[in-house]
Amino acid sequence: MSTIRPRSLPAYLLALPAGLWMFGAVVMPALLILWVSLWGGTAFGPGNPITLANYERFFANASYRGLIANTFLHTLMLMAITGVLGYGIAYFLVMKVRSRAWRTALFLAFIIPFWTSALIRAIAWVPFLGVNGVINQALMGLGITERPIEIFLYSRTGISMAQVSLYTLMASGPVVYMLAQIPPSLREAAMTLKAPPGVVFRRVIFPLTLPGVVIGQVLVFLSVMADFATVQWIGGNKIALLPNLILNFYEGAQLRAAAVVSVVLMACMLVGTFIAMRVVDIRKLGT
Amino acid sequence: MHWRTRSRLMTALLGTLTVGFLLYQWLPVFTLGLLSFSGPTGGTTFPMNGVSLHWYRELIEASIMNDFKPPFGRSVLLAAACSVVTCVLAVASAQAMRGRFRGHNLFFYLLLLGIMAPGLLVGFGVAIMGRLLGIEPAWNTTAFFVQVSWTLPFGFLVMLAIFNRFDSRLEEAALTLGANRITTFRRITLPIVLPGVIGAALFGFTLSYDEFPRTMFTSGADMTLPLAVMAQLDRELTPELYAIGTATTLLSLVAILACTLILVSLRRTARPGS
Amino acid sequence: MEYDLEIVALRKKYGGFTAVDDVSLRVGKGQFVCLLGPSGCGKTTTLRCVAGLEEPDEGDILIGGRNVTQDPPWERDIAMMFQDFALFPHMTVEKQVGFGLEMRKWPALKRDKRVAEVLKAFEIDRFANRKPGSLSGGQRQRVALARAMITEPRLLLLDEPIGALDYSLRETVMIELKTLQRRTGISFIWVTHDQNEAFSLGDLVVVMNHAKIEQQGTPEEILQRPRTPFVAGFVQGNNVFHGKVEDVRGAEARIGTASGSFVVPVLDLKPQPGQAASFSVRAERLRPAPPEGWPNRLATSCRTVEYFGSVRRYILERPDGEVMKLDQFGAEPAFLMAEGAAEIGWPTEAGVLHG
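What you see is a predicted model; the values in this text were computed from it and never measured.

So, how was this worked out
- Residues numbered from 1 in each chain as written.
- Chains lettered and ligands numbered in written order.
- Predicted model: local features only at pLDDT ≥ 70, side-chain atom pairs only at ≥ 80, totals over all residues.
- Heavy atoms only, no water.
- Contact = heavy atoms within 4.5 Å.
- Buried area = accessible area lost by both parts, 1.4 Å probe.
- Salt bridge = Lys/Arg side-chain N within 4 Å of Asp/Glu carboxyl O.
- Polar contact = N/O pair within 3.5 Å; in protein donor to acceptor, adjacent residues only side chain to side chain.
- Helix = DSSP H or I, 4+ residues; strand = E, 2+ residues; numbered from the N terminus.
- Nonpolar A, V, L, I, M, F, W, Y, C, P; charged D, E, K, R; others polar.
- Buried < 20%, exposed > 50% of the residue type's maximum accessible area, 1.4 Å probe, protein only.
- Pairing = 2+ DSSP bridges.
- Axes fitted to C-alpha atoms, helices over the stretch in contact; angles between N-to-C directions.
- Domains from an automatic or database assignment.
- Right-handed = clockwise from strand over helix to strand, strands pointing away.
- Parallel < 35°, antiparallel > 145°, perpendicular 65-115°, else oblique.
- Left-handed = near helix turned anticlockwise from the far one by under 90°.

(A) Here's a closer look at the interface of chain B and chain A. Each partner contributes to the interface: chain B provides 84 residues, whereas chain A provides 83 residues. Where chain B abuts chain A, roughly 7,400 Å² becomes buried across the two surfaces, and 80% of that area is made up of carbon and sulfur atoms. Applying the counting criterion to the chain B and chain A interface returns 0 salt bridges. Counting every contact that joins chain B to chain A gives 9 residue pairs in polar contact (both at pLDDT 80 or more). The element contributing the most residues to the side of chain B that touches chain A is helix 1 (residues 3-35) of chain B, with 18 residues. Its residues assigned to classes, the side of chain B that touches chain A shows 55 nonpolar, 20 polar and 9 charged.

Right under this line is the structure:
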């Protein structure tokens, strides 16, 4: 018994405004993008014929195809880096830090930047990465290089460096959650059954955190695939990935092309998420 | 190697990794803060060329070209509006979820979609929708509409978590004492979950205040603060942007701190009779 | 004499808190040992030191004569059963029970055969392909036990192993475990706070309090001859008196307490007049209206009577305000009425001097 009766009319009515709002602001626009991507003709309006010509034109261009592959590769690389880094940090925070106060402090230090503006954080990387930036000054100061290295700003390296700092938390957070759920006695039980630490990790800890790893990887995948902003600000106009193409077409008033790229991006994200959920069948863990 | 040595080595390795990453994550933010205090001739990187509040003064006494005050005002108003709407809708939808109505799982995923769907696509889609419906994009109409679809799901998740911990026997007690459902909700449920509601509101505020991919497509000619910063970044990177970044980050930190304190205090009061 | 387990002067501190203080214990071959004590007395920490899950600050642990103090858990000849059973949620019962053999690198065929045997012996073969999440408390307990026993360790460590079970199941499981222990000859170290468990199962009962061993011995020794006031008070049915030795005459000593002075046998002890002393009398040895010849008598008032069926227990108030208990065989007509003054007493030989 509570203040709301199960399956009652008020429950529907309470859910209705939020449901309509989300449908109108998220689902409808996605459907509209799909529709616009199929428009023939040149006018903007519902009267256009439906055609696949826009897609044919897009996929006929080899550089666009390359961009899709590039975007995937870039995303996979970031998933790998943030995955390893995120798991290591999560493991350290949950399993290795004994003192509660330290764990809370480190965890806050880890999580707080996530709630500040991504825009500001990306800007903060600029003085670091430039030719006269902090990294180059440090490298030269230490005598590692004589002349500034230009690979940081306006490059893939710089973009990746900033994105690693932005997205590692996403890979790590779900793992932290899963690790914290594991009762310490499971590890101890495995040890008394003659499993050395490496085996305990491989056979008990890791399988139990696998769902967290997958969720983290999906979050990183979705974020990096759609991250036009970091690419634009750190990469300047020299580097572009799939999401930047949407923006370019939009600014060039090529709505149909922008819609096509959007649909391709959506499809990639859906497929990626689907594969991730498939690769790890959570029900078959550890058998 | 002895097993204990190996374990210590592992701890040291992971500790170095963690501390290293934290430094990596924080150093740019600190640098930004530091450089925002450089002198009038200061550039966008080291050396600092003196210490001054010049760039903060610049923010306040700005020329029309790069005046951040109107965008700031718009951003605050928009964030406040989003935060209020988020609160109301989040409480309503979380309460609805407790009713386990038919299709509540679908409803849950619909809200989750607002978090998962990339802002770029949502913003673009709403821009198309606006044009099809002949609605002129503006920061206080279309941008507001799309921003709530971003802040609401987070508020919803917060309220779900709060209601999960809520002990519904308290409601049962009130109902057996003769209060009807609405009175019970108003007099018992709401006061108890109130700190969570405030948390959701603050959360919604910061999310809206920092939002740009959705707003970018839907705000029309009058920009919000992140968009103004982006525009300035496209023109020229100046320490003024560092100043604004520092100020904004501090504002966010205050909001997070308030949020955390509220959630902590909630945790203390949520346990009935203990 | 070979011991399955020897603990020598074990000490373990957590910061300023001493969890185990100078604990020494010897467990002969195939013994059933119960570590008994209130929560926080150090019994679980002692067990975890034996398992290797905690590192002792001082002292030695020998398993089967070999010093294992520096060895990690996975190199000790032990198995452990945890209070919450600690079953791996992602492994089937079959996989789970075979885990220990897998770690010992048994070949798969031999392992499967042995697992099948053990599952059958523990009557859990029906659940071989299920995961722990879908099992009941009793079934989980069996899986945990099978998982620990399959490797035939020298020592099985059990940390409140039936505490998580329904009350109605505990009796049955206790009998089964005792039989199993007898049959296999594996030494059991059983940690519990429940004295019924300890006294009905243990060959040796070790009573601990405040990080130290208070007394160890057979259940009979502990029940009949508590050596410290703590043990006497912890074991149900004792009335404890604190006081000073007034004088000693032959085999009897007179102890002065706040409720009067009483005569107790000195047993094998050598009390000196003036010394602080304590003794206890079992509740069933007290009688109302004591005969003339009994030197120990006491005016009390009866507060209430609890009737347990086999026993009728009178809660009495001593002159110094402390509570005493007097037990009477339940089938007899009641001695006393509730809420009335009553003189009670006991024969000299019923008193047990501590020390």
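So much for the structure itself; the text now carries on.
(B) Main features of the side chain of Arg98 of chain B. As for its placement among the helices and strands, Arg98 of chain B is situated in helix 3 (residues 69-98). The exposure class of Arg98 of chain B is buried, given its relative accessible area of 18%. Here the side chain of Arg98 of chain B touches Glu171 of chain B through a polar contact of 3.0 Å, side chain to side chain. When residues no more than four places from it in sequence are discounted, the contact partners of Arg98 of chain B are Ser2, Thr3 and Ile4 of chain A together with Phe163, Phe166, Ser168, Glu171 and Thr189 of chain B.

(C) The sheet that holds strand 5 (residues 66-67) of chain C, seen in detail. All names here are of chain C. Pairing is antiparallel across the open sheet formed by 4 strands, whose spatial order is 2-1-4-5. Both edges of this open sheet fall to strand 2 (17-28) and strand 5, since each of them pairs with a single strand only. The sheet contact formed by strand 1 (residues 3-14) and strand 2 spans 8 bridges and is antiparallel. In the strand pairing of strand 2, Lys12 is matched with Val20. Strands strand 1, strand 2 and strand 4 (58-63) of the sheet are contacted by helix 1 (residues 43-51), whose axis makes an angle of about 120° with strand 1.

(D) Up close: the domain arrangement of chain C. Domain annotation of chain C identifies domain 1 (3-224) and domain 2 (237-350). Placing the centre of domain 1 of chain C and that of domain 2 of chain C at their C-alpha centroids yields a distance of 39 Å.

(E) Inspection of the pattern of salt bridges at higher detail. Residues and elements named next belong to chain C. According to the stated counting rule, one finds 29 salt bridges over all chains in the structure shown. Close ionic contact of Glu117 with Arg114 constitutes a salt bridge, the shortest N to O distance being 3.1 Å. One end of the pair is Glu117 and the other is Arg114, both in helix 3 (residues 108-121) and 3 residues apart, which spans about a single turn. Residue Glu117 is classed as partly exposed on the basis of its relative accessible area of 39%. Residues Arg297 and Glu343 are paired through a salt bridge, measuring 3.5 Å at the closest nitrogen-oxygen approach. Of this pair, Arg297 sits in strand 16 (residues 296-307) while Glu343 sits in strand 19 (residues 340-346), placing them 46 residues apart in sequence.

(F) View of the pairing of strand 9 (residues 204-209) of chain C. Residue and element names in this part refer to chain C. In terms of burial, strand 9 is a largely internal element, 6 of the 6 residues being buried. Judged by which residues are buried, strand 9 turns out to be covered on both faces: Leu204, Val206 and Met208 on one side and Val205, Val207 and Asn209 on the other are all buried. Where strand 3 (residues 32-36) lies against strand 9, 4 bridges are found, and the strand directions are parallel. Paired with Val33 across the strands is Leu204, a residue of strand 9. Relative to strand 10 (residues 212-217), strand 9 runs antiparallel, the two sharing 5 bridges. Note on strand 10: the bridge partner recorded for Val206 is Gln216. In this structure, the hairpin formed by strand 9 and strand 10 is closed by a connection of 2 residues, where His210 is found at a positive phi of approximately 45°.

(G) Looking closely at the pairing of strand 8 (residues 187-192) of chain C. Residue and element names in this part refer to chain C. Along strand 8, 6 of the 6 residues are buried, which leaves the element largely enclosed by surrounding structure. Here strand 8 shows a buried face lined by Ser187, Ile189 and Val191 and a second buried face lined by Phe188, Trp190 and Thr192. Here strand 7 (residues 155-159) runs beside strand 8; their pairing, made up of 5 bridges, is parallel. When the sheet's bridge partners are listed, Leu157 is paired in strand 8 with Ile189. With helix 5 (residues 167-184) bridging strand 7 and the parallel strand 8, this β-α-β connection has right-handed handedness.

(H) Structural detail: the packing of helix 1 (residues 9-37) of chain A against helix 3 of chain B. Where helix 1 of chain A meets helix 3 of chain B, the closest approach of the two axes is 8 Å, and the angle between their N-to-C directions is 135°. When the axes of helix 1 of chain A and helix 3 of chain B are compared, the pair comes out oblique. Crossing of helix 1 of chain A over helix 3 of chain B shows left-handed handedness. Side by side, helix 1 of chain A and helix 3 of chain B meet where Ala11, Leu14, Ala15, Pro17, Ala18 and Trp21 of chain A of the first sit next to Val85, Leu89, Ala92, Ser93, Gln95 and Ala96 of chain B of the second.

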